[in-house]
Every structure is written in C-alpha cells, then in structure tokens.
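# Architecture and fold: a report
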Amino acid sequence: MTTASTRPVPFPDDMTEGFWDSLRARTLSIQRCARCSRFNHAPSLTCPGCGSEDLRYEPVSGRGTVHSYTVLEDPPGPGFATLVPLVVVVVELVEQPRLLMVANLFGIDPAEVRIGAEVEVSFEKISEVCVLPQFRPAGA
Ligand SMILES: [Zn+2]
C-alpha cells in the first residue's frame with residue numbers, strides 16, 4: 001500500500017534506525033536483548049528486563065492478536081481525512097507475552113474488530129523514506 005501523504009513522518013534516530021531500515025525492506029524487526037533474549041518495543045537504550053545496553057534488531061513473524069483497539073471517527077491530524085474511521089490497534093506480537101505494538105488496522109470494517117483476533121503485519125509506504133508497520137486480519 002502506498003499513500004501519498006501529508007501525514008507526519010517519523011524521524012529515525014540512532015536508537016530506532018534499525019527498526020525503520022528493516023521496514024523499508026518490508027520486514028518487521030523488533031529490538032531484542034543479546035543478554036537475556038527479551039524482545040523490547042518501543043525501542044529503548046537499555047533492556048527493561050536486565051539493563052543491558054546490548055540491544056539488536058531481530059526480524060519477527062509479524063503475527064499477533066488484537067490486545068486493544070479504538071476507532072477514530074475524526075481525523076487525528078493533517079493527512080488523515082481519507083483514513084477515518086481509523087482503527088488504532090494495540091497488537092500483542094506472538095513472539096512474547098505483552099510484546100505490544102501500536103499501529104493501524106486496515107482491511108476490516110471497524111465494527112468487526114474483536115479483542116483476540118489474529119492479525120498480521122502489512123507495510124504502508126507513506127513517503128520516499130518511510131514505511132510504517134500496519135496490520136490487517138490474518139490471512140486476508
Ligand atoms: Zn535483557
């Protein structure tokens with residue numbers, strides 16, 4: 001999916017550039033601790049499990065379940081007018097309990113979204129340099 005957009009574009013920094021680089025290659029990678037193997041998202045400078053600074057990005061399956069969601073009926077900012085109603089979803093990735101990621105859920109009627117539903121990552125290119133991780137119903 002490509003959407004020419006006036007939507008805000010994330011600015012990678014040293015801590016997050018591995019996440020964004022991976023997305024440009026259409027792979028979801030999540031920060032993982034080299035010491036205790038815990039996945040960590042959103043990225044941080046140290047592992048919330050053991051405090052190690054040895055964190056790397058590792059590809060994950062992109063599969064998960066709907067942990068929580070809301071439906072925005074009004075555009076949350078510039079560039080979102082054509083996207084409402086917009087499902088904002090918290091996905092629990094299958095790799096680890098409570099490994100949560102906030103994104104949008106596309107490809108489903110907002111009235112049909114259910115907690116626990118299986119979803120899979122999709123990739124939305126919103127600029128020449130930015131690909132966002134989004135989700136859609138699994139197998140859609
Ligand atoms: Zn750790």
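A brief report on the enclosed structure follows.

Scoring rules and cut-offs
Residues numbered from 1 in each chain as written. Predicted model: local features only at pLDDT ≥ 70, side-chain atom pairs only at ≥ 80, totals over all residues. Heavy atoms only, no water. Donors = N, O, S within 2.8 Å, 3.2 Å for Na, K, Ca; no water. Buried < 20%, exposed > 50% of the residue type's maximum accessible area, 1.4 Å probe, protein only. Helix = DSSP H or I, 4+ residues; strand = E, 2+ residues; numbered from the N terminus. Pairing = 2+ DSSP bridges. Core = buried A, V, L, I, M, F, W, Y, C linked by side-chain atoms within 4.5 Å. Contact = heavy atoms within 4.5 Å.

## A few points about the coordination of the zinc ion
Perfect tetrahedral coordination of a metal by four donors corresponds to 109.5 degrees between them, and perfect octahedral coordination by six donors corresponds to 90 or 180 degrees. Donor atoms from the polypeptide that coordinate the zinc ion comprise Cys33 (SG), Cys36 (SG), Cys47 (SG) and Cys50 (SG), at 2.3 to 2.4 Å from the metal. According to the relative accessible area criterion, Cys47 is buried, its value standing at 3%.

## Thoughts on the pairing of strand E5 (residues 86–93)
Most of E5 is tucked away: 6 of the 8 residues are buried. Note that strand E4 (residues 63–72) and E5 share 8 bridges and pair antiparallel. Along E5, the bridge assignment pairs Gly64 with Leu93. The pairing of E5 with strand E6 (residues 100–105) spans 6 bridges and is antiparallel. For Val91, the partnering residue across the bridge sits in E6 and is Met101. In this structure, the hairpin formed by E5 and E6 is closed by a connection of 6 residues, where Arg98 is found at a positive phi of approximately 65 degrees.

## Thoughts on the nonpolar core
The biggest cluster of nonpolar side chains holds 25 residues, and the ones touching the most others in it are Phe19, Leu23, Leu28, Ile30, Leu93, Leu105 and Phe135. Those elements that provide at least two residues to this core are helix H1 (17–24), E5, E6, strand E7 (118–125) and strand E8 (131–137). Sort the elements by how many residues they give to this core and E5 lands first, with 4 residues. Not counting the four nearest positions on each side in its chain, Leu105 is found in contact with Val66, Val87, Val89, Val113, Val119, Phe135, Arg136 and Pro137.

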